[in-house]
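Each chain, written out:
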Amino acid sequence: MPHFAKPEAGSWTENYPELGTSPVNYEDSIDPAYYEAEKEAIFKKTWLNVGRVEQVPKVGSYFTKELAVADTSLVIVRGKDKEIRAFHNVCRHRGNKLVWNDYPGEEVKGTCRQFTCKYHAWRYNLDGDLTFVQQEKEFFDLDKADYGLKLVRCEVWEGFVFVNLDQNAQPLKEYLGEFAKGLEGYPFHEMTEVFTYKAEIGSNWKLFIDAFAEFYHAPVLHMKQAVKDEADKLFNVGYEALHYEIHPPHSMISSWGGMSPPKDLTIVKPIERVLRSGLFGPWEAPDIEGLDPLPPGLNPGGHRAWGNDSFEFFPNMTLLIWKPGWYLTYHYWPTAVDKHLFEANLYFVPAKTARERLKQELAAVTFKEYALQDGNTLEATQTMLKSRVVTEFPLCDQELLLRHLHKTVADYVKEHTDAAQ
Amino acid sequence: MLPSEFAALEPFSEWVLESERDRYSKRLASSMEEMQAFYDAAFPLLEQASDHLDKFPLSELPKQERNLLLLLFSLVNVSFPVEVWKQARVPDSGAAYMDLVVEPKV
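Residues numbered from 1 in each chain as written. Chains lettered and ligands numbered in written order. Predicted model: local features only at pLDDT ≥ 70, side-chain atom pairs only at ≥ 80, totals over all residues. Heavy atoms only, no water.

Notes on the packing of aromatic side chains
Inspection of every chain in the model, using the stated rule, returns 35 aromatic pairs over all chains. With a centroid separation of 5.8 Å and an interplanar angle of 35 degrees, the aromatic rings of Tyr 239 of chain A and Trp 256 of chain A are classed as tilted. Here Trp 256 of chain A lies in strand β14 (residues 250-256) and Tyr 239 of chain A lies in the loop between α5 (228-237) and β13 (243-247), a separation of 17 residues in the sequence. A ring pair is formed by Tyr 39 of chain B and Phe 43 of chain B, whose centres lie 5.0 Å apart and whose planes are at 10 degrees; its orientation type is stacked. In this structure Phe 43 of chain B comes out as buried when scored by relative accessible area, which is 18%. Of the aromatic side chains, those joined through ring pairs into one cluster are Trp 157, Phe 160, Phe 179, Tyr 186, Phe 188, Phe 311, Phe 313, Tyr 327 and Tyr 347 of chain A. Directly above the aromatic system of Trp 15 of chain B lies the positively charged group of Lys 26 of chain B, at a separation of 4.6 Å from the ring centroid. (Phe/Tyr/Trp six-rings, centres within 6.5 Å; stacked < 30°, edge-to-face > 60°. Helix = DSSP H or I, 4+ residues; strand = E, 2+ residues; numbered from the N terminus. Buried < 20%, exposed > 50% of the residue type's maximum accessible area, 1.4 Å probe, protein only. Lys NZ or Arg CZ within 6 Å of the ring centre and 35° of its normal.)

Describing the interface of chain B and chain A
Tallying the contact residues gives 41 residues for chain B and 36 residues for chain A. Interface of chain B and chain A: buried area, both sides summed, is about 3700 Å²; carbon and sulfur atoms make up 65% of it. Taken as a group, Phe 80, Met 98 and Pro 104 of chain B account for 20% of the area that chain B buries against chain A, more than any other trio of residues on that side. At the junction of chain B and chain A, the tally comes to 6 salt bridges. A salt bridge links Arg 27 of chain B to Glu 369 of chain A; its shortest N-O distance comes to 2.7 Å. Counting across the chain B and chain A interface gives 17 residue pairs in polar contact (both at pLDDT 80 or more). Listed by contribution, the elements that provide at least two residues to the side of chain B that touches chain A are α1 (20-29), α3 (46-53), α4 (63-85) and β1 (99-102) of chain B. Broken down by element, the residue count for the side of chain B that touches chain A peaks at 11 residues, all from α4 of chain B. (Contact = heavy atoms within 4.5 Å. Buried area = accessible area lost by both parts, 1.4 Å probe. Salt bridge = Lys/Arg side-chain N within 4 Å of Asp/Glu carboxyl O. Polar contact = N/O pair within 3.5 Å; in protein donor to acceptor, adjacent residues only side chain to side chain.)

Observations regarding unusual backbone geometry
Across the chain, the bulk of peptide bonds are trans and the bulk of non-glycine residues have phi less than zero. All names here are of chain A. The amide bond that connects Pro 248 to the next residue, Pro 249, takes the cis arrangement and shows omega of 5 degrees. With respect to the secondary-structure elements, Pro 249 resides in the loop between β13 and β14. Residues Asp 292 and Pro 293 are joined by a peptide bond in cis, for which omega reads 5 degrees. Topologically, Pro 293 is positioned in the loop between α6 (270-275) and β15 (306-313). For Ala 121, which is not glycine, the phi dihedral falls at a positive 70 degrees. Within the secondary structure, Ala 121 is located in the loop between β7 (114-116) and β8 (123-125). Despite not being glycine, Gln 135 shows a phi value in the positive range, around 50 degrees. Relative to the helices and strands, Gln 135 is located in the loop between β9 (130-132) and β10 (151-157). Taking relative accessible area as the criterion, Gln 135 reaches 53% and is therefore assigned exposed.

Description of helix α1 (residues 32-43) of chain A
All names here are of chain A. Here α1 spans 15 Å end to end across 12 residues, near enough to the 16 Å set by a 1.5 Å rise per residue. For α1, every residue scored as buried is listed here: Tyr 34, Tyr 35, Glu 38, Lys 39, Ala 41, Ile 42 and Phe 43. Between the side-chain oxygen at the start of α1 and the backbone nitrogen of Ala 33 there is a gap of 3.0 Å, and the oxygen is on Asp 31. (Expected span 1.5 Å × (residues − 1).)

Looking at helix α2 (residues 172-183) of chain A
The set of residues buried in α2 of chain A consists of Leu 172, Tyr 175, Leu 176, Phe 179, Ala 180, Gly 182 and Leu 183 of chain A. Positioned one or two residues after α2 of chain A, Gly 185 of chain A has a phi angle of 100 degrees, which is positive.

Digging into the pairing of strand β12 (residues 193-201) of chain A
Two faces belong to every sheet, and in a regular strand the side chains alternate between them. Burial runs high along β12 of chain A: 7 of the 9 residues are buried. Strand direction decides the pairing type here: β12 of chain A and strand β18 (residues 339-348) of chain A, joined by 9 bridges, are antiparallel. By the bridge assignment, Glu 193 of chain A is partnered in β18 of chain A with Phe 348 of chain A. In this sheet, β1 of chain B lies alongside β12 of chain A in antiparallel orientation, the contact comprising 3 bridges. Among the inter-strand pairings, Tyr 197 of chain A is bridged to a residue of β1 of chain B, identified as Leu 100 of chain B. (Pairing = 2+ DSSP bridges.)

Notes on the pattern of salt bridges
Residues and elements named next belong to chain A. Overall, the coordinates contain 33 salt bridges over all chains when judged by the stated rule. Two residues, Glu 54 and Arg 52, come together in a salt bridge whose shortest N-O distance is 2.7 Å. Arg 52 sits in the buried class, given a relative accessible area of 2%. For Glu 272, the salt bridge is made with Lys 269, and the minimal N-O distance between the two is 3.1 Å. Taken as a pair, Glu 272 and Lys 269 share a single burial class, namely buried. When salt bridges that share partners are traced, they join Glu 36, Lys 39, Glu 40, Lys 44 and Asp 71 into one network.

Spelled out as structure tokens, the structure:
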């Protein structure tokens, strides 16, 4: 007997008949040729979130972004006109990487007035124009106007900076669609205190999205995170979401939030009882505008028990907004068919007191304890998928977003392959 | 090193550490007995210490108060081994690691 109502179609999955209900093949996560196709069809074609406006606060602020999955590196910079631009991080002279420190593969950030190539000192202004060529007269009919940095499409939604390597891509807001529209007005700009986690994960990028796009695993994999009675109860009840929604290529899951604060204080750890915080964040919302009422896109099921909404912005950004007034993002940056870099950012309203800061510390540390368990499972999954001993895997109704993700990837790859033929 | 009201925690001042990376490393390098002793001393003072620290704006904590806050960050970190894991490492985390590369300054 479900605890929460399902759609008239009978299940969340059947509410989207194009997804089917049959077992899913995971060849898309182990085949190197498929990975190459994804690079072309998805990561060089779709909008990718590379950061937030707070990372480039003033004229000349910049950061680099390594995009192994698109075979490039970008530099994102705020120009003299305050606009944020993105360029391929390559000098037009001999192709050296333009912005980097000691190690070419490491991302860097800073503030500057111009970019100077460390190879032959060619210079570019913040708009990407070539402004200086060392021994210019030695060159042959060189017009500096022809050799500015290669611009990349760059647009901002609610303070999130996105890039797109396809010059012909549809505008960002059009791409993000209904979900993004429904979130506009959320006070992201107030939540500028950041904890950033990074990890190298030995699995295909989609497998980590799979892990965070369903909570069916939570009472099992994370059982030991709860005190015993609560863990037993959670295991017996299992997990059901309040609501699922798909607006291709994106999707979302809406979940309950019984731990923030819990009805029964004995079910949480002693440190949580004292600090009034935990995995679901500080139990009390910060005193800022914009949280009441919430934008219409949050809690789409209109449930009283609502605790968080997790949006999967295709291809590789998760935006998870918690009821008590904070949010987090996950990014999954592929580096090979069986490897990716995982980044998680936790965003809070800046703490004014030590107690507020301690609540955030507990939320951030708790996040890591859970994420380590998630990350560790994935390598095991990857190796066994690769064995191809089993090729078809059944997905349940709480795994709707996984079904959608793998189908969306397949659709993009197929469309791209068909167009090439 | 710590405010005088919290002199009882002076023997644990090695837990005053600047970054989460340092705190987590020390947790992994510590025995359960060491963490239990630190927890048993610090946890009962958590409420009182929070009240004390809240008399100051977070951005203007005096040195001793700042040390106390860093010590409490370590308490948060060891609360997991002590309260639930009974071991320093997160169970079922194997070779997985996760680095906190940006954290808010205090």
